[in-house]
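Residues per chain, in single letters:
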Amino acid sequence: MPVTAAPAAASHDVRATPYGPDFDALRRQDPEIADVMLGEVRRQADGLQLIAAENFASPAVLAALGSPLANKYAEGYPGARHHGGCEFVDAAERIAVDRAKALFGAEHANVQPHSGSSAVLAAYAALLRPGDTVLAMGLAFGGHLTHGSPANFSGRWFDFVPYGVDAGTGLIDYDQVRTLARTHRPKAIVCGSISYPRHIDYALFREIADEVGAYLIADAAHPMGLIAGGAAPSPVPYADVVCATTHKVLRGPRGGLILCGAELAERIDRAVFPFTQGGAQMHTIAAKAVAFGEAATPAFSAYAHQVVDHARVLAAGLAAEGFALTTGGTDTHLITADPSPLGIDGRLARLRLAAAGVVLDTCALPYGDGRGIRLGTAAVTTQGMGPAEMAKVATLFTAALSEDPAEAARVRADVRDLAGRFPPYGR
Ligand SMILES: Cc1ncc(COP(=O)(O)O)c(C=O)c1O
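In the nomenclature of an unreviewed UniProt entry, the protein is known as Serine hydroxymethyltransferase of Streptomyces purpureus. As recorded by UniProt, the Subcellular location (unreviewed entry) comment attached to the protein reads in full: "Cytoplasm". Quoted verbatim from the Cofactor (unreviewed entry) field of UniProt, the annotation for the protein is "pyridoxal 5'-phosphate".

Asker: Please clarify how the sheet that holds strand E5 (residues 133–137) should be interpreted in this entry.
Answerer: Strand order in the open sheet formed by seven strands is E4-E10-E9-E8-E7-E5-E6, with mixed pairing between adjacent strands. Both outer strands of the open sheet, strand E4 (108–110) and strand E6 (159–163), are each paired with one neighbouring strand and no more. The average undirected angle you get between the axes of adjacent strands in this sheet is 20 degrees. Inspection of the sheet shows E4 paired to strand E10 (residues 256–260) by three bridges, in the antiparallel sense. The partner of Ala109 across the bridge, within E10, is Leu259.

Asker: Help me out: how do you make sense of the environment of Leu216 in this one?
Answerer: Of note, Leu216 is situated in strand E8 (residues 215–219). Beyond its immediate chain neighbours, meaning those up to four positions away, Leu216 contacts Ile189, Phe205, Arg206, Ala209, Tyr238, Ala239 and Asp240.

Asker: What should I look at first to understand the environment of Lys187 in this one?
Answerer: Relative to the assigned elements, Lys187 resides in the loop between helix H7 (174–184) and strand E7 (188–191). Residue Lys187 is classed as buried on the basis of its C-beta count, with 20 C-beta atoms lying within 10 Å. Taking the C-alpha atoms as reference points, Lys187 and Ala209, 22 residues apart in sequence, are found 9.0 Å from one another. With residues near it in sequence (within four places) discarded, Lys187 still touches Leu128, Asp132, Thr133, Val134, Ala214 and Tyr215.

Asker: In this structure, what is going on with the UniProt feature "modified residue: N6-(pyridoxal phosphate)lysine" (unreviewed entry) in the protein? I would like to understand it.
Answerer: Summarizing the sequence annotation, UniProt attributes the feature "modified residue: N6-(pyridoxal phosphate)lysine" (unreviewed entry) to Lys248 in the numbering used throughout. Classification of Lys248 by C-beta neighbours within 10 Å gives buried; the count is 27.

Asker: Just to check I follow, could you spell out the site of the ligand for this structure?
Answerer: Around the ligand there are 14 residues in total, and Ser115, Gly116, Ser117, His144 and Ala221 lie nearest to it. By residue number, the principal contributor to the shell around the ligand is helix H5 (residues 116–127), which donates three residues. Taken together, the residues of the shell around the ligand break down into four nonpolar, nine polar and one charged.

Asker: What should I look at first to understand the UniProt feature "site: Plays an important role in substrate specificity" (unreviewed entry) in the protein in this one?
Answerer: The feature "site: Plays an important role in substrate specificity" (unreviewed entry), as annotated in UniProt, sits at His247 in this numbering. Within the secondary structure, His247 is located in the loop between strand E9 (241–245) and E10. Classification of His247 by C-beta neighbours within 10 Å gives buried; the count is 26. Leave out the neighbours within four places in its chain, and His247 touches Asn55, Gly252, Pro253, Arg254 and Gly255.

Asker: What is the right way to read helix H2 (residues 31–46) from this model?
Answerer: End to end, H2 covers 22 Å across 16 residues, agreeing with the expected 22 Å (1.5 Å per residue, within 8%). Burial within H2 is sparse, with just zero of its 16 residues counted as buried.

Rules behind the numbers
Residues numbered from 1 in each chain as written. Predicted model: local features only at pLDDT ≥ 70, side-chain atom pairs only at ≥ 80, totals over all residues. UniProt positions renumbered as here; feature names shortened; annotations may be inferred. Pairing = 2+ DSSP bridges. Helix = DSSP H or I, 4+ residues; strand = E, 2+ residues; numbered from the N terminus. Axes fitted to C-alpha atoms, helices over the stretch in contact; angles between N-to-C directions. Contact = placed C-beta atoms within 7 Å. Buried ≥ 20, exposed ≤ 12 C-beta atoms within 10 Å, placed from the backbone. Near = placed C-beta within 6 Å. Nonpolar A, V, L, I, M, F, W, Y, C, P; charged D, E, K, R; others polar. Expected span 1.5 Å × (residues − 1).

As structure tokens, this is what we get:
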């Protein structure tokens, strides 16, 4: 992997590091917060974490996050900072950028966005003016808040036109996208979703964008880890700008990432800093570098393919149990399903599942007024579960929906037993 050399002192034996996260110090000084933290650590290990956007970051990623790089102010970019003393954090950012470019085959990477939303904000800031028309997936169909929600800057500052999915198949209606693009002549088209379980046809989106002279922004927050591992198609060859998060399937720290071609590099960088953000979070950037390094390994590629295999097994199991799967299945880590054939709405299903220790989200359903459930297999795959466990999880779902308290208690015990066999951070 081509990485820029770090300053000499950074190559010290890491075992001799003078400071690392010290949980005993936290417990001594602030038992109240230590208790909260340990409670959360236990909660994560004590149930099934099926929130599609979550994962278990590695101890190395967590160590970088808990490091004194958090102390360092570093406005600007490597070699051009507004603060002194940046030689080591400059090295961290250069390594993160080089690794991201190599991992995704991109000409330019900006690793500073604090979150996925900040990445999208910066992409809009780089390419659009307030009032411009943008075509994006409607929120009822799986668009993110940054894709035109009136409660978000995007809906307030831009004129969003929503596209949807086919009522019968649940698949993106590309004919509708093309018709809307021809009618509204958007300045940008956004492809990406919080819940679409299928691969996106980036080449077709590119063709439609070119036909109407629009920028193509791929918001690949969800599939970016699959893309890194070669388990999903990449938008990089097609989109003008790719936005992503680093914390979902990609399994890095909470944060954002932007990739683009060389011609947009300066506009993107300026849109992140100084336009939409201040000082970069250097501990997070170091942790992103660690995560990109992990994602470049064969082990990560195997994990990414397993995530998809597991989602397929779980989806098939849920369908067999009576859930109505959106699009009939999945190509990714994501499953969205309507539990109404089982006589229950997504909201109540989530509550009952949570009581059994199965943690997931509800989601909008493209058609009808009920809510569905949305789940993903990244975290359970990271903790080492396999296809047999996914098949078991599907049966636990229906049992967890039971109104009978004795059955609910039995399912909670089964979930605890299953999770206990796969501790996310070892025993
Ligand atoms: C498609 C998409 N875009 C943007 C985001 C925003 O990411 P963040 O919560 O880090 O701001 C998400 C998060 O779920 C997402 O799924």
